[in-house]
Every structure is written in structure tokens, then in C-alpha cells.
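What follows is each chain in one-letter form.
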Amino acid sequence: MSQDCIFCKIVSGEIPSKKIFENESILAFEDVNPVAPVHTLVVPKKHYDNILDISSSEAGLADLNQLMAALPKVAEELGVEESGFRLINNCGEEGGQTVMHIHFHLIGGRNLGPGLI
Ligand code: AMP
Ligand code: ZN
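Description of the structure in this document. This structure is a prediction, so every number in the text was calculated from the model and none was measured.

**Describing the coordination of the zinc ion (ligand 2)**
- Protein-derived coordination of the zinc ion (ligand 2) comes from Cys5 (SG), Cys8 (SG), His47 (ND1) and His101 (ND1), at a distance range of 2.0 to 2.3 Å.
- The site at the zinc ion (ligand 2) holds four donor atoms, and with the angles between them running 106 to 116°, its shape is tetrahedral.

**Remarks on the site of ligand 1**
- Every one of the 16 residues lining ligand 1 counts as a neighbour, but Asp31, Asn90, Thr98, His103 and His105 are closest to it.
- Within the side chain of Asn90, a nitrogen or oxygen atom sits 2.8 Å from an oxygen atom of ligand 1.
- Here ligand 1, which alone exposes 500 Å², has 83% of that area covered by the protein.
- With respect to the detected pockets, ligand 1 is housed in the largest pocket.
- Listed by contribution, the elements that provide at least two residues to the shell around ligand 1 are helix 1 (6-12) and strand 2 (26-30).
- For the shell around ligand 1, the leading source of residues is helix 1, giving three residues.
- Residue classes in the shell around ligand 1 are distributed as seven nonpolar, seven polar and two charged.

**Some points on the pattern of salt bridges**
- Across all of its chains, the model carries three salt bridges by this definition.
- A salt bridge links Asp4 to Lys9; the nearest nitrogen and oxygen atoms lie 4.0 Å apart.
- On the basis of relative accessibility, which here comes to 67%, the residue Asp4 falls in the exposed class.
- For Lys19, the salt bridge identified is with Glu22, shortest N-O distance 3.5 Å.
- On the basis of relative accessible area, Lys19 is assigned to the partly exposed category, the value being 48%.
- Taken together, the salt bridges that share partners define one network made up of Lys19, Glu22 and Lys45.

**Re the sheet that holds strand 2**
- Spatially, five strands are ordered 1-2-3-5-4 in an open sheet, and the strand pairing comes out antiparallel. Of all strands in the sheet, those bounded by a partner on one side alone are strand 1 (19-22) and strand 4 (85-88). For this sheet, the mean angle separating the axes of adjacent strands, direction not counted, is 20°.
- As paired strands, strand 2 and strand 3 (residues 38-44) are joined by five bridges and run antiparallel to one another. Bridge pairing in strand 3 links Leu27 to Val43.

What counts, and at which threshold
- As a convention, each chain's residues are numbered from 1 in the sequence order in which they are written.
- Note on labels: chains are lettered from A, ligands numbered from 1, in written order.
- For a predicted model such as this one, the threshold for reporting local features is a pLDDT of at least 70, and the threshold for listing and counting side-chain atom pairs is 80 or more; totals across whole chains, interfaces and linings nevertheless cover every residue.
- The basis for every side-chain value is the complete set of heavy atoms in the structure, and neither hydrogens nor water enter the calculation.
- A donor here means any N, O or S atom no more than 2.8 Å from the metal (3.2 Å for Na, K and Ca); water is not included, so a site may seem to lack partners.
- Only four donors with every angle between 85 and 135 degrees are called tetrahedral; only four or six donors with opposite donors over 155 degrees apart and all others between 65 and 115 are called square planar or octahedral, in that order; all others are irregular.
- Throughout, near means a residue has at least one heavy atom within 4 Å of the molecule or strand.
- N or O atoms within 3.5 Å of each other form a polar contact, as long as, within protein, one can give a hydrogen and the other can take it, and as long as residues adjacent in sequence are counted only when both atoms are side-chain atoms.
- Values of accessible area rely on a 1.4 Å probe in the Shrake-Rupley scheme; residue burial ignores everything except the protein chains shown.
- Only protein atoms enter the 1 Å grid used here, on which a cavity is any set of points holding a 1.4 Å probe that cannot leave and a pocket is any open set flanked by protein within 12 Å on both sides along at least five of seven lines; residues with an atom within 4 Å of a point are listed as lining.
- A cavity or pocket is said to hold a molecule if more than half of that molecule's atoms lie within 2 Å of its grid points.
- A run of H or I in DSSP counts as a helix once it spans at least four residues, and a run of E counts as a strand once it spans at least two, with each numbered from the N terminus.
- For this scheme, ten residues count as nonpolar: Ala, Val, Leu, Ile, Met, Phe, Trp, Tyr, Cys and Pro. Four count as charged, namely Asp, Glu, Lys and Arg, and the remainder, Gly too, count as polar.
- Each salt bridge in this description consists of a side-chain nitrogen of Lys or Arg and a carboxyl oxygen of Asp or Glu lying within 4 Å of one another.
- Note on classification: 1.4 Å probe, protein chains only; a residue is buried when its accessible area is under 20% of the maximum for its type, exposed when over 50%, partly exposed between these limits.
- Any two strands with at least two DSSP-identified bridges between them are counted as paired.
- Only C-alpha atoms enter the line fits that serve as axes; for helices the fit covers just the stretch in contact. Angles between N-to-C directions range over 0 to 180 degrees.

Right, here's the structure in full:
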């Protein structure tokens, strides 16, 4: 738990969220400001600042592996496993990261087109 981290507070239940999926190491919850009909954030329960932080240790890589292993269940829960979706990770200031607890945006529920930005 990192002090003053909004996603750590969501993981602990101090801040409410609409949970989509949860297991012992991963939580998926609805984004408060959705950009598409489906917009879910998938996070490790343990705090890592960003993708570089989580990828820099064996323990972090194990958590990242857990997150990827949870994705099919999250997609199924959201009903987008057949239709498809986009997975986005913003890293750092120029990457547009505003919450410094690593998270993947799972976006879908409509045709997103081929664009990346
Ligand atoms: P990023 O810009 O990649 O760091 O994305 C942060 C995301 O967190 C944004 O899409 C916000 O809408 C979302 N967000 C911020 N606060 C909350 C919250 N309390 N519950 C759910 N999503 C949130
Ligand atoms: Zn955190």
C-alpha cells in the first residue's frame, strides 16, 4: 500500500469502485470516466508505479503474469472476449499516466477502429 495512492485505496476498499473481477493478486474495476461502453481498469493489488517498475523485479513480473492470466476472465465478464477490445497502458508524463499505480485500460463495447492515438 502506497500512501495517498488512489488505486491502493480502491484495492483496500477505502474508496468504492464497481468491481468487475477480483482474485488474490488482481482487481478489475470500472473507470469513473469511461471513453467507451466498456472501460475497465485492471490493476495488480500490490503497488507498482508503472510498467517499468513492475517489470524490474521477478516478483513484479510474477504479478504482471497474474494480471495477464486474469485478462480472459475479465474479458469474459465484460462480454468482449468475442467482439474484441483494446488494452492500453500509459507510462509516465508524456505517456499520459495520471494515476501512478500501474493499470491497464480495457476498452471496448463499440468498434474502436484502427487508430492508436
Ligand atoms: P491514466 O491516465 O492512464 O493514468 O488513467 C487513469 C484513469 O483512472 C483515468 O481513466 C480515470 O478516469 C481513472 N480514475 C481516476 N480515479 C478513479 C476512480 N476513483 N475510480 C475509477 N477510475 C478512476
Ligand atoms: Zn497504489
